[in-house]
Amino acid sequence: MNELIPRRGTVRLLALLLMAVLLLAAGCGGSSTSSKAPGGTAAPAEKPVVVALGADTRTLLPMKIVDMTTYQQIRNIYDTLLTRDPKTYALAPELATSWRALDDKTWEFKLRQGVKFHNGEPFTSESVKVTIEKILDKSWQSHYYTRFEMIDKIETPDDYTVILHTKQPSPILLLRMQGLLPMPPKLLKEKGIDELAKHPIGVGPYKFVSWTKDEKLELEANPDYWAGKPLIEKLVFRPIPEFSSRLSALLAGEVDVIQNIPVSAVEQVNSSGKARVESVPSSRVNYIALTNFKPGPLSDRRIRQALNYGVDVDGIIKYVMKGHAYRMAGALSNINPEVNKDLKPYPFDVAKAKALFQEAGVDPTKLTLTMDSPQGRYPMDKEVAQAIAAELKKNLGIEVKITYNEWGTHLDKIVKRQTGNMFLLGWGPALDAEGTIGDLAVKDRTYSGFAADPELQKMIDNARPIVDPVKRKAAWDAIQKKVYDEAMWIFLWQQEDLYGVSNRINFTPRADEEIEMWRATYRK
Amino acid sequence: MTRYLARRLLETIVVVFLSLTAVFLMLHLTGDPVKLFLPTDALPAQIAEVRHRLGFDQPIWLQYLRFVAGAARGDFGESLRYGVPALKLLLERFPATLELTGWAMLVSLLTAIPVGVISAARRNSLTDYVGIIITVTGQAVPGFWLGIMGIILFSVRLGWFPTGGRGTWEQLVLPTLTLAAYTAARFARITRSTMLDVLSQDYVRTGRAKGLAERYVLYKHALKNALIPILTLVGLQLGQLLGGAVVTETVFSWPGVGRLLVQALLNRDFPLVLAGVFWVSLLISLTNLLVDLAYAWVNPQIHYG
């Protein structure tokens, strides 16, 4: 090749090559010049407030896909029938102003009057009816189908009353109304669901402006919002998958709210002068499931209890979690309105643990257990798994072998019952007893780690249909006691959620991870 | 020429097909992704229904045949995560990747070739050493580190450029430079080494001996003959980058193909991953073909018959 003799101008060739690249770049760069620059000349108060999340919304449709990141965003466009009080987390009115059980299988909801969709359509009982019917339309393949399956018939005696009949007594129906986001019936009928998927029309505090997939979702305050126009005028959700980029964007003043600040970055954010960390005890609980699908040491209740006595959970909270977690006694967090307040956490008592092992006739120093842990899914999850293994080794002499899984694999192993004897998992938002214990303590439920003993199973089956609130509470209190006595898990803690918030706004995070931007305000 | 082209295109189809087959089998070894896309309280019946609808309950050979039949028509199925056709989703992201790649290529070529030529011409001089240090560093420093350092310095400290996103020219600067740093280093190194090779040839000495200007010798005689290896590398790099600059796009939340594919892999979005493999292998094969054709243009002694 080296004996070649040049024929054409090399400079010209090079220029052509560069021009080709230039054209290539210019061809697609054209669109970018037309879009507006962020901030820049606009007055500070008008600069949009930006919430950066780890992923984009998966759809703009309500009631289609169950996905927290999606819900966090479209919840600002659509209102729900019932909400949870931001302080007590008890069910509270939103689009439904009152509700009652007419009998065990019939529920009546009175709706708020004078509410309008963003397209001017009035919000009526028809909207609720059409929305539930859409969810129950199997061909639409909504993830929410199983959550509304208990509904048998929907009546709308007048514009502001909805009566729901369930197939069996299903008090959990009330919980389903939290998160039911009504769609506009007239629009659905005239233009179809695809139109709504492109341009969402809700009754919520923010109106849809535009969505560029994987770039941003732009919203603007709804001037006709029934609870008053939100103070933050322009709202943008931006997906930034990489955490360090999210943090940098916050510190550079480009975004105003980010989630899941790691414990190690709290100081950096607070001392930046640009942003601060706001914390909230999360409803999400972290626990070590003690599986007993196959016969083994963990089938013995005494050994499960001994593991609870043998781990210094408070010590792990202090030294590993740096205090950013709240100890729980049983399977429910303290923020759960249905928690049994009589339960006290298992104390750290090595002698008691050893005695229980002796009673069970098992020598802990000859015992080897396996544990599965995700890494990077929950705060300090990997370190927590290591700390628990170290505690069990140090205090009881138990050898624990940990497998760290990539998140998808971790879930898959749990579902297929292929984990080790123990696995670390978080569960949330967990604000009711049935949705937590009813899913996690019942043998054939997807993410259960516990082959419930027949008695516990029976208690849960009996409790599900109880409508009377007092009797219901009593039944679930007893179940929590049973789960505690059975030592279903090594009970750990509810997480503390840490949000980074820019100093130009006030924003209060919620225990259930919802992001209610209409409650945020500019700081003076 | 036509026969050559036909043969190469056929080869491209075979390469793409084999890549898809390999990735299809590997993906299915990792298990069934359905549960990741359903809510945690989904009942077994609901999971079974979705598995059935997506065909994950069928024997693997049947799934494979169905996949091949679909892929042949450009239909990779719907993305499990987004519920829209996978290939469409991918093509929507392509302009962003094309934009970033285009600028990064431009910047790297404009800097790397002069640096490589000068380094070679002034071999073992201070200029050469500085050039070598910069290019070795550029190649050795991982892209994610460079990107994050760029963000910390230019966005957080100095506030000159945004930390990420796409839409304005300011948002283009840091990702372009991050991406260009690596490619420019590679281009500069290969330019330098092939130039050194060419400059030791007899005709260069002859050119100098007959009194040609040094600039003329370097750029007109030497560089043109050094172009073939450079062109090869540019082609390889271009193919890879068009398939998505995975790290740079993720660090700068640049909504391109690379970021989409990383997310698809993490989410085990099988149809999207397969559409991505199709796209990337197609681009790499085609850019390779273009490079081979360009050889004939640069060097008239190369013929494809």
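Up top you'll find the structure we're talking about.
Residues numbered from 1 in each chain as written. Chains lettered and ligands numbered in written order. Predicted model: local features only at pLDDT ≥ 70, side-chain atom pairs only at ≥ 80, totals over all residues. Heavy atoms only, no water.

## A look at the overall build of chain B
Thinking step 1. Looking only at helices and strands, chain B has twelve helices and zero strands in total.
Thinking step 2. Listed N to C, the secondary structure of chain B is α-α-α-α-α-α-α-α-α-α-α-α in terms of helices and strands.
Thinking step 3. Dimensions along the principal axes, computed over C-alpha positions, put chain B at roughly 85 × 60 × 30 Å.
Thinking step 4. Burial status across chain B gives 53% buried among its 305 residues.
Thinking step 5. Pairs at least 24 apart in sequence give 74% of the contacts found in chain B among residues at least 6 apart.
Thinking step 6. For chain B, the accessible area works out to roughly 13,800 Å², and carbon and sulfur atoms hold 69% of it.
Thinking step 7. Across chain B, the centroid of the 26 positively charged side chains sits 9 Å from that of the 17 negatively charged ones. (Helix = DSSP H or I, 4+ residues; strand = E, 2+ residues; numbered from the N terminus. Buried < 20%, exposed > 50% of the residue type's maximum accessible area, 1.4 Å probe, protein only. Contact = heavy atoms within 4.5 Å. Areas by Shrake-Rupley, 256 points an atom, 1.4 Å probe, with all protein chains shown as cover. Lys, Arg positive; Asp, Glu negative; His and termini not counted. Charge placed at Lys NZ, Arg CZ, Asp CG, Glu CD.)

## Some points on empty space enclosed by the protein
Residue and element names in this part refer to chain A.
Thinking step 1. Applying the stated criterion across every chain yields a total of four cavities of 30 Å³ or more.
Thinking step 2. Space inside the second largest cavity adds up to approximately 50 Å³.
Thinking step 3. Every residue lining the second largest cavity is listed: Leu61, Pro62, Met63, Ile65, Asp67, Thr70, Tyr71, Ile74, Tyr144 and Leu181.
Thinking step 4. For the lining of the second largest cavity, the residue count by class is eight nonpolar, one polar and one charged. (1 Å grid on protein atoms, 1.4 Å probe; cavity = no way out; pocket = protein on both sides within 12 Å on 5 of 7 lines; lining within 4 Å. Points joined across faces, edges and corners; volume = space filled by probe spheres on them. Nonpolar A, V, L, I, M, F, W, Y, C, P; charged D, E, K, R; others polar.)

## Structural notes on the interface of chain B and chain A
Thinking step 1. At the interface, 72 residues of chain B touch 68 residues of chain A.
Thinking step 2. Summing both sides of the interface, chain B and chain A together bury roughly 6,100 Å²; the carbon and sulfur share of this comes to 57%.
Thinking step 3. One can count five salt bridges joining chain B with chain A.
Thinking step 4. Counting every contact that joins chain B to chain A gives eight residue pairs in polar contact (both at pLDDT 80 or more).
Thinking step 5. For the side of chain B that touches chain A, the element with the highest residue contribution is helix α4 (residues 86–121) of chain B, accounting for 13 residues.
Thinking step 6. For the side of chain B that touches chain A, a count of residues per class yields 38 nonpolar, 19 polar and 15 charged. (Buried area = accessible area lost by both parts, 1.4 Å probe. Salt bridge = Lys/Arg side-chain N within 4 Å of Asp/Glu carboxyl O. Polar contact = N/O pair within 3.5 Å; in protein donor to acceptor, adjacent residues only side chain to side chain.)

## Considering unusual backbone geometry
All names here are of chain A.
Thinking step 1. Between Gly428 and the following residue, Pro429, the backbone shows a cis peptide bond with an omega angle of -5°.
Thinking step 2. Structurally, Pro429 can be placed in the loop between β16 (422–427) and α15 (437–440).
Thinking step 3. In this structure, Asn260 is a non-glycine residue whose phi angle is positive, near 55°.
Thinking step 4. Within the fold, Asn260 resides in the loop between β11 (257–258) and α9 (266–270).
Thinking step 5. Looking at Asn260, the relative accessible area reads 48%, which means it is partly exposed.
Thinking step 6. For Ala487, which is not glycine, the phi dihedral falls at a positive 50°.

## Considerations on the side chain of Asp497 of chain A
Residue and element names in this part refer to chain A.
Thinking step 1. Along the polypeptide, Asp497 turns up in strand β17 (residues 489–502).
Thinking step 2. Here Asp497 is buried and forms no salt bridge, its nearest opposite-charge partner Arg284 lying at an N-O distance of 6.1 Å.
Thinking step 3. A distance of 3.5 Å separates polar atoms of two side chains, one belonging to Asp497 and the other to Ser282.
Thinking step 4. Apart from residues lying up to four places away in sequence, Asp497 is in contact with Glu278, Ser279, Val280, Ser282 and Glu513.

## Thoughts on the packing of aromatic side chains
Thinking step 1. All chains considered together, the criterion is met by 18 aromatic pairs over all chains.
Thinking step 2. Arranged with centres 6.3 Å apart and planes meeting at 65°, the rings of Phe117 of chain A and Phe123 of chain A form a pair that is edge-to-face.
Thinking step 3. For Phe117 of chain A, a relative accessible area of 2% puts it in the buried group.
Thinking step 4. When the ring of Tyr309 of chain A is compared with that of Tyr346 of chain A, the centres are 5.1 Å apart and the planes differ by 85°; the resulting orientation is edge-to-face. Of this pair, Tyr309 of chain A sits in helix α10 (residues 301–309) while Tyr346 of chain A is found in the loop between β13 (325–327) and α12 (350–360), placing the two residues 37 residues apart along the sequence.
Thinking step 5. Taken together, the ring pairs in this structure connect Tyr287, Tyr309, Tyr346, Tyr484, Trp489 and Phe491 of chain A into an aromatic cluster.
Thinking step 6. The ring centre of Tyr404 of chain A lies 5.2 Å from the NZ or CZ of Lys382 of chain A, which sits over that ring.
Thinking step 7. Over the ring of Tyr82 of chain B we find Arg81 of chain B; its NZ or CZ atom is 5.8 Å from the centre of that ring. (Phe/Tyr/Trp six-rings, centres within 6.5 Å; stacked < 30°, edge-to-face > 60°. Lys NZ or Arg CZ within 6 Å of the ring centre and 35° of its normal.)

## Observations regarding the environment of Asn286 of chain A
All names here are of chain A.
Thinking step 1. One can find Asn286 in strand β12 (residues 275–290).
Thinking step 2. What makes Asn286 buried here is its relative accessible area of 3%.
Thinking step 3. C-alpha separation for the pair Asn286 and Ala325, spaced 39 residues apart in sequence, amounts to 9.5 Å.
Thinking step 4. Ignoring sequence-local partners within four residues, the contact set of Asn286 consists of Met328, Tyr378, Leu425, Gly426, Leu492, Trp493 and Gln495.
Thinking step 5. One polar contact links Asn286 to Gln495, side chain to side chain, over a distance of 3.0 Å.

## Focus on helix α3 (residues 125–136) of chain A
Thinking step 1. Under the 1.5 Å per step criterion, the end-to-end length of α3 of chain A is 17 Å for twelve residues, consistent within 8% with the ideal 16 Å.
Thinking step 2. Restricting attention to buried positions, one finds in α3 of chain A the residues Ser125, Ser127, Val128, Val130, Thr131, Ile132 and Ile135 of chain A. (Expected span 1.5 Å × (residues − 1).)

## Topic: the packing of helix α8 (residues 202–209) of chain B against helix α9 (residues 214–242) of chain B
Residues and elements named next belong to chain B.
Thinking step 1. In the contact formed by α8 and α9, the axes pass within 10 Å of each other and the chain directions differ by 160°. Taken together, the axes of α8 and α9 are roughly antiparallel relative to one another. Between α8 and α9 lies a crossing of right-handed hand. In contact with Tyr203, Val204, Gly207 and Arg208 of α8, α9 contributes Glu214, Val217, His221, Ala222 and Asn225.
Thinking step 2. Residue composition of the contact of α8 with α9, by class: four nonpolar, three polar and two charged. (Axes fitted to C-alpha atoms, helices over the stretch in contact; angles between N-to-C directions. Parallel < 35°, antiparallel > 145°, perpendicular 65-115°, else oblique. Left-handed = near helix turned anticlockwise from the far one by under 90°.)

## Quick word on helix α5 (residues 126–140) of chain B
Residue and element names in this part refer to chain B.
Thinking step 1. Here α5 is 15 residues long and its end C-alpha atoms lie 21 Å apart, about the 21 Å a rise of 1.5 Å per residue gives.
Thinking step 2. Buried residues belonging to α5 abut α4 and α7 (170–199).
Thinking step 3. Of the residues flanking the start of α5, the one acting as N-cap is Ser125, its side-chain oxygen 3.3 Å from the backbone nitrogen of Thr127.

## Remarks on the sheet that holds strand β4 (residues 96–103) of chain A
Residues and elements named next belong to chain A.
Thinking step 1. Pairing is antiparallel in the open sheet, where four strands are placed in the order β4-β5-β7-β6. The open sheet has two free edges, formed respectively by β4 and β6 (151–158), since each of these has just one partner strand. Strand after strand, the sheet turns through a mean of 20° between neighbouring axes, direction not considered.
Thinking step 2. Where β6 and strand β7 (residues 161–166) come together, five bridges link them in antiparallel fashion. Within β7, the residue paired with Asp158 across the bridge is Thr161.
Thinking step 3. Relative to β6, α3 is tilted by about 165°, and along the sheet it contacts β5 (106–111), β6 and β7. (Pairing = 2+ DSSP bridges.)

Nothing here speaks to function; it is all geometry.
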